[in-house]
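Residues per chain, in single letters:
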Amino acid sequence: MTMQENANRPVAIIGYGTAGVNAAIALRNSGYDGAITVFSDHEGLPYSPILTSYYAGGEKEFEECFPWTAEELDDLSVSVLGEAVVELDPDAHAIRTSAGEYAYAKCVIATGANPTTVGFPAVQGDSSYEPLVLRSIEDAERLKAVLESPACKRFLVSGASMVALKTLEAALNRGKECTLVGMNPHVLDFNALPEVAARFEKGLREKGVALRLGQTIQAVERADGKLAVTFSNGESEAFDEIAVSHGMKSNLAFVKPGSLNIDRGLVVDEFMRTSNPDVYAAGDVAQATELISGDKRIVGIWKNAALQGACAGAAIATEMRGAMPDSAGALKGSISTNTIAVNGTLFISAGTMELTDNRRVEIRETEDMTLAVIYEQSETQGERIVGFNLACDHDEPGGEAYDIGAMLTLRIEKSL
Ligand SMILES: Cc1cc2nc3c(=O)[nH]c(=O)nc-3n(C[C@H](O)[C@H](O)[C@H](O)COP(=O)(O)OP(=O)(O)OC[C@H]3O[C@@H](n4cnc5c(N)ncnc54)[C@H](O)[C@@H]3O)c2cc1C
């Protein structure tokens, strides 16, 4: 597209979460003063999915789920259309919603991800039953209503990821009798080594959580108002409600088939450019460089989404001036980091948990903590830390576990 054509069309941002908001902020901070059109599939201010479990669990108020004020967003002078995008046609530079078609000069896809319930069986005797999930404010409202209801006493969480554990914590905070079922032998799928996960599980059991690990839900039947669940080991139990956290899937159904390079997400370069020069992607839809493996992966964390959105916005502002973004604005990549506390049992991790031939693990057990550090022997740098995870029996802000986590995360980042 020529500069003249570009100047007559807005920059479009699809999705108004942290990646989308940070793209808009960076466009403005980088001097772009042209039109920005944001497409959002929900009314209201952008929310943080991170805070939804705290809202449902009664630890945060509704107003606290929104990281940006209306005034801060107004200052960006963007035009926000409350219309879900149903098609993006990159070759035609066209975005379609149920209300019409819109042309753009450059576009940022920042539509995040949605929970999947794959593997959860249809409920016999109640075909309309949908398990609880957690991502959006609407999901949080539904979970909150269930958790506030005295009729819900026995609560089942299926899945053992971070989101599953946050859902579990919300239910524990509301005084529910909780069971967690996970297909793997340990909780914290792919984030923890077995020794660390086992310590975390000990903490959960001490808080009264029943763990069914190495099992799945095989069948569910509505009987006498309850949900009678049969597990894969043949045992059955009745619950009042079920929450399912079986992973997230990037929201990309609206991208015209074959128009962009999509693997698990949109494959992007160090400026968040997709395979089409006028389409960028950021956040939980973007498959960018993960620094330890060197592979393109989705690293679905808040900080990453914010940095990627900012990188895309700055690069687009440069291109709209007719220049090319240079290495100073490139985002080298990211690493995965996680922190979660469930009723006082703390878990922190960063980097990789993948054990290869040139890696070794050191496990340290103390009275209140299990720490696993993963070292890699590299030909150029000797031995370096590429990952760690720890579980601590208490969650003390600013305490030793947080200090160790911060120090090891820094060491990983410095070695990259
Ligand atoms: C329960 C939970 C807890 C979490 N806890 C943590 C944590 O502790 N730390 C951490 O770092 N990360 C955490 N995360 C992950 C973090 O929330 C995400 O990585 C981050 O929000 C991704 O930002 P995003 O902008 O890519 O996506 P989102 O914040 O999901 O924003 C995408 C937006 O696009 C909209 N959209 C989707 N499709 C369309 C469409 N077709 N048209 C228009 N709009 C559309 C969506 O409705 C949404 O508003 C958590 C996630 C969940 C669900």
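Residues numbered from 1 in each chain as written. Predicted model: local features only at pLDDT ≥ 70, side-chain atom pairs only at ≥ 80, totals over all residues. Heavy atoms only, no water.

**Considerations on the nonpolar core**
Working step 1: With 64 residues, the main nonpolar core has Phe155 and Leu180 as its most contacted residues.
Working step 2: Every residue in contact with Leu180, bar those within four places of it in the chain, is listed here: Val157, Gly159, Ala160, Leu165, Leu168, Val187, Val209, Ala210, Leu211, Arg212 and Leu213.
Working step 3: Counting 51 residues, the second largest nonpolar core, distinct from the first, contains Val21, Leu27, Val85 and Ala286. (Core = buried A, V, L, I, M, F, W, Y, C linked by side-chain atoms within 4.5 Å. Buried < 20%, exposed > 50% of the residue type's maximum accessible area, 1.4 Å probe, protein only. Contact = heavy atoms within 4.5 Å.)

**Considering the sheet that holds strand S9 (residues 123-124)**
Working step 1: Ordered in space as S9-S13-S14-S15, the four strands form an open sheet in which the pairing is mixed. Since the sheet does not close on itself, it has two edges, and those belong to S9 and strand S15 (236-239), each with one partner.
Working step 2: In this sheet, S15 lies alongside strand S14 (residues 226-231) in antiparallel orientation, the contact comprising four bridges. What sits directly across from Val229, in S15, is Glu237. (Pairing = 2+ DSSP bridges. Helix = DSSP H or I, 4+ residues; strand = E, 2+ residues; numbered from the N terminus.)

**Notes on the site of the ligand**
Working step 1: The environment of the ligand is formed by 32 residues, the closest being Asp41, Arg135, Lys166, Asp284 and Trp302.
Working step 2: With respect to the ligand, the backbone of Trp302 contributes an N or O atom lying 2.9 Å from an oxygen atom.
Working step 3: Going through the elements one at a time, helix H2 (18-29), helix H6 (162-173) and helix H8 (302-320) are the ones with two or more residues in the shell around the ligand.
Working step 4: Its residues placed into classes, the shell around the ligand shows 17 nonpolar, 11 polar and four charged.
Working step 5: Here the shell around the ligand spans two domains, since at least three of its residues come from each of domain 1 (3-112 + 251-329) and domain 2 (116-247). (Near = heavy atom within 4 Å. Polar contact = N/O pair within 3.5 Å; in protein donor to acceptor, adjacent residues only side chain to side chain. Nonpolar A, V, L, I, M, F, W, Y, C, P; charged D, E, K, R; others polar. Domains from an automatic or database assignment.)

**Let's talk about the pattern of salt bridges**
Oppositely charged side chains may form a pair once their charged atoms are brought near each other.
Working step 1: One pass over the full model with this rule turns up 26 salt bridges.
Working step 2: As a salt-bridge pair, Lys256 and Asp89 come within 3.4 Å of each other at their nearest N and O atoms. Of this pair, Lys256 sits in the loop between strand S17 (248-250) and strand S18 (266-267) while Asp89 is found in strand S4 (residues 85-89), placing the two residues 167 residues apart along the sequence.
Working step 3: Looking at Lys256, the relative accessible area reads 34%, which means it is partly exposed.
Working step 4: Assessed through its relative accessible area of 7%, Asp89 is described here as buried.
Working step 5: Here Glu237 makes a salt bridge to Arg212, at a shortest N to O gap of 2.9 Å. Taken together, the residues span a long stretch of sequence, with Glu237 in strand S15 and Arg212 in strand S12 (residues 210-213) at a distance of 25 residues.
Working step 6: Residue classification places Glu237 among the partly exposed positions, given a relative accessible area of 22%.
Working step 7: Judged by its relative accessible area of 10%, Arg212 falls in the buried class.
Working step 8: Salt bridges linked by common partners bring Glu87, Asp89, Arg96, Glu101 and Lys256 together as one network. (Salt bridge = Lys/Arg side-chain N within 4 Å of Asp/Glu carboxyl O.)

**Some details on the domain arrangement of the protein**
Working step 1: For the protein, the assigned domains read domain 1 (3-112 + 251-329), domain 2 (116-247) and domain 3 (344-414).
Working step 2: Averaged C-alpha coordinates put domain 1 and domain 2 at centres separated by 32 Å.
Working step 3: Taken together, the contact pairs 16 residues of domain 1 with 14 residues of domain 2.
Working step 4: Between domain 1 and domain 2 lies a buried interface of about 1,300 Å² when both sides are counted; carbon and sulfur atoms form 58% of it.
Working step 5: Applying the counting criterion to the domain 1 and domain 2 interface returns one salt bridge. (Buried area = accessible area lost by both parts, 1.4 Å probe.)

**Describing the pairing of strand S2 (residues 36-39)**
Working step 1: What you see with S2 is no split at all: Ile36 and Val38 on one side and Thr37 and Phe39 on the other are buried throughout.
Working step 2: Alignment of strand S1 (residues 11-14) against S2, held across four bridges, turns out to be parallel. Pairing of Ile14 across the sheet is with Phe39, part of S2.
Working step 3: Of the crossover connections in this fold, the one passing from S1 over H2 to the parallel S2 is right-handed.
Working step 4: Where S2 and strand S3 (residues 79-81) come together, three bridges link them in parallel fashion. Its bridge partner being in S3, Thr37 is matched across the sheet by Ser79. (Right-handed = clockwise from strand over helix to strand, strands pointing away.)

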